[in-house]
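Given next are the chains, with one letter for each unit.
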Amino acid sequence: MVYLQLAVSLLLLLLGGETLVRGAVALATRLGVSPLLIGLTLVGFGTSTPELITSIEAAVVGSPGIAVGNVIGSNIANILLILGIAALICPIAVSRSAFFRDGSVAMLAAIACVVVCLSGSLQPMAGAFLVALLAGYIVYCFVAERVTGTTADASIDPGLAMPGSSGIRLPVALALFLAGLALTMLAAHLLVSSAIAIGAAAGISETVLGLTVVAIGTSLPELVTSVLAAWRRQPDIAFGNIVGSNIYNIFGILGITAIVEPIPVPPELLDADIWVMLGATALLLVFALTGWRLSRLEGGMFMGAYAAYLTFTVFS
């Protein structure tokens, strides 16, 4: 029953995240909010809602391994697993603007995560600092797009991320948003409780579960978006989607979780996992810089690296 609960929670996370973002984008469109602002806030933060609610739920019930491991594991999976799969389907073009603006901020976020975690605990002050960095990033993107007059990046284009949202009526949009939020909250509760039960029964640490099962589960919206983008030969969306998600995960999810519930950082995360996240981010930027694309070979290298990481994490 516990494994069935885990499977149901993962399905609900995917359904809830998709419904929430679609409803939020349609709601904002009907209310006259600009597409750029929708993309920077609702789409970016909406796709990270599963990670947010799951980490807060885990922190509140006293499972820091899941709360922090979820964020670090999601960022690792986003790069090595999801971008690896997307690049294998179709080589991913990387625009220079996305690389220098979003890529540099993603590296800054990874470094900030390492610095905060090395302190041994996530306190409200550190959380507020991370959230302030996220606010600064959103403002910077908004101002930069307005000044240059260019359209929103593929990573934050709600038209590309949520096709068909503009035709949804206001009451339906509101109902979709609320239903998506409720589904995501329920799914997060089921996911955390089932992960804790499985860990206790099988002798697996909550940190390992947070880094693997929970992290991959909460990254399902990014996985679906990136794979579909690559399949439709719009792979540039995959790069922006993953980089943007990683920025939100650290600045937003980790920051808000620390504000809501101060949590200790499990020591085992500091041994290898946090450095794997930092290294994966750096490797992504190196691959992107060489030829301004992620090739199928590089995608295969990402997949191989993720398989090695999972093997090391589980058996160590």
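A.B. asks: What exactly am I supposed to notice about the overall build of the protein here?
C.D. replies: Secondary structure assignment for the protein yields 13 helices and four strands. Restricting to contacts in the protein with at least 6 residues of sequence separation, those with at least 24 account for 87%. Accessible surface, the protein: about 12,600 Å² in total, of which carbon and sulfur atoms supply 74%.

A.B. asks: In this structure, what is going on with helix α5 (residues 96-118)? I would like to understand it.
C.D. replies: Taking 1.5 Å as the rise per residue, α5 with 23 residues should run 33 Å; its terminal C-alpha atoms sit 32 Å apart, in good agreement. The sharpest bend along α5 comes to roughly 25 degrees, located at D102.

A.B. asks: Can you help me understand the state of the cysteines in this one?
C.D. replies: Joining two cysteines, a disulfide is a covalent bond between their sulfur atoms. Within the structure shown, the criterion is met by zero disulfides. Free cysteine: C113, not disulfide-bonded; nearest cysteine sulfur from C117 at 4.0 Å. What makes C117 buried here is its relative accessible area of 0%.

A.B. asks: Sorry if this is basic, but what is going on with the confidence of the model for the protein here?
C.D. replies: Reading fine detail from the predicted coordinates is not recommended where pLDDT is low. On average, residues of the protein carry a pLDDT of 82, and 87% of them reach 70 or more. For the stretch residues 151-163, pLDDT sits under 50, and the model shows 33 contacts to residues farther than four places along the chain or on other chains.

A.B. asks: Can you walk me through the pattern of salt bridges in this structure?
C.D. replies: Pairing is possible between side chains of opposite charge, provided their charged atoms come close. All chains considered together, the criterion is met by one salt bridge. The partner of D102 in a salt bridge is R101, with the nearest N and O atoms 2.9 Å apart. What makes D102 buried here is its relative accessible area of 3%.

A.B. asks: What's the story with the packing of aromatic side chains in this structure? I'm lost.
C.D. replies: For the structure on display, the rule yields five aromatic pairs. Look at F287 and F302: their rings are 5.4 Å apart centre to centre, the planes differ by 45 degrees, and that puts the pair in the tilted class. Highlighted residues: F287 in helix α12 (residues 267-289) and F302 in helix α13 (residues 296-315), separated in sequence by 15 residues. On the accessibility criterion, F287 (9% relative accessible area) is buried. Three or more aromatic residues joined by ring pairs make a cluster, and in this case those are F99, F100 and W292.

A.B. asks: Please explain unusual backbone geometry as it appears in this structure.
C.D. replies: With a phi angle near 55 degrees, W292 is a residue other than glycine that sits in the positive phi range. Given a relative accessible area of 19%, W292 falls into the buried group.

A.B. asks: What should I look at first to understand the nonpolar core in this one?
C.D. replies: Note that soluble globular proteins tend to have their nonpolar side chains buried in a common cluster. Counting 78 residues, the largest nonpolar core has I72, F239, F251 and L294 as its most contacted members. By residue number, the principal contributor to this core is helix α4 (residues 64-89), which donates 14 residues. Sequence-distant contacts of L294, that is, excluding residues within four places in its chain, are made with L83, A87, P91, I92, F239, L284, F287, A288 and F302.

A.B. asks: Help me out: how do you make sense of helix α8 (residues 170-202) in this one?
C.D. replies: Note that an α-helix has 3.6 residues per turn; residues three or four places apart therefore point the same way. A rise of 1.5 Å per residue sets the reference length of α8, with its 33 residues, at 48 Å; its end C-alpha atoms lie 47 Å apart and thus fit the reference within 8%. Residues A173, G180, T184, A187, A188, L190, L191, V192, S194, A195, I198 and G199 constitute the buried set of α8. Against the buried residues of α8 lie α1 (2-30), α3 (49-60), α4 and α9 (206-218). Phi turns positive one or two residues past the end of α8, at G203, with a value near 75 degrees.

A.B. asks: Whenever I open this one, empty space enclosed by the protein confuses me. Can you help?
C.D. replies: The rolling of a water-molecule-sized probe over the atoms marks out the regions of remaining empty space. One pass over the full model with this rule turns up one cavity of 30 Å³ or more. Taken as a whole, the largest cavity holds about 80 Å³ of empty space. Taken together, 13 residues line the largest cavity, and the ones lying closest to its centre are I79, A106, N246, T281 and L284. Put simply, the parts of the chain that give the lining of the largest cavity at least two residues each are α4, α5, α11 (236-260) and α12. The residue makeup of the lining of the largest cavity, split by class, is nine nonpolar, four polar and no charged.

A.B. asks: Would you mind going over the packing of α8 against α9 with me for this structure?
C.D. replies: Two elements in contact, α8 and α9, have axes whose closest approach is 10 Å; the angle formed by their N-to-C orientations is 145 degrees. With respect to the hand of their crossing, α8 and α9 are arranged in right-handed fashion. Of the residues in α9, those touching α8 at L191, A195, I196 and G199 are E206, L209, V214 and T218. A per-class count over the contact of α8 with α9 returns five nonpolar, two polar and one charged.

Reading the values: the criteria
Residues numbered from 1 in each chain as written. Predicted model: local features only at pLDDT ≥ 70, side-chain atom pairs only at ≥ 80, totals over all residues. Heavy atoms only, no water. Helix = DSSP H or I, 4+ residues; strand = E, 2+ residues; numbered from the N terminus. Contact = heavy atoms within 4.5 Å. Areas by Shrake-Rupley, 256 points an atom, 1.4 Å probe, with all protein chains shown as cover. Expected span 1.5 Å × (residues − 1). Bend = angle between axes of the 7 residues up to and from the residue. Disulfide = S-S within 2.5 Å. Buried < 20%, exposed > 50% of the residue type's maximum accessible area, 1.4 Å probe, protein only. pLDDT = per-residue confidence, 0-100. Salt bridge = Lys/Arg side-chain N within 4 Å of Asp/Glu carboxyl O. Phe/Tyr/Trp six-rings, centres within 6.5 Å; stacked < 30°, edge-to-face > 60°. Core = buried A, V, L, I, M, F, W, Y, C linked by side-chain atoms within 4.5 Å. 1 Å grid on protein atoms, 1.4 Å probe; cavity = no way out; pocket = protein on both sides within 12 Å on 5 of 7 lines; lining within 4 Å. Points joined across faces, edges and corners; volume = space filled by probe spheres on them. Nonpolar A, V, L, I, M, F, W, Y, C, P; charged D, E, K, R; others polar. Axes fitted to C-alpha atoms, helices over the stretch in contact; angles between N-to-C directions. Left-handed = near helix turned anticlockwise from the far one by under 90°.

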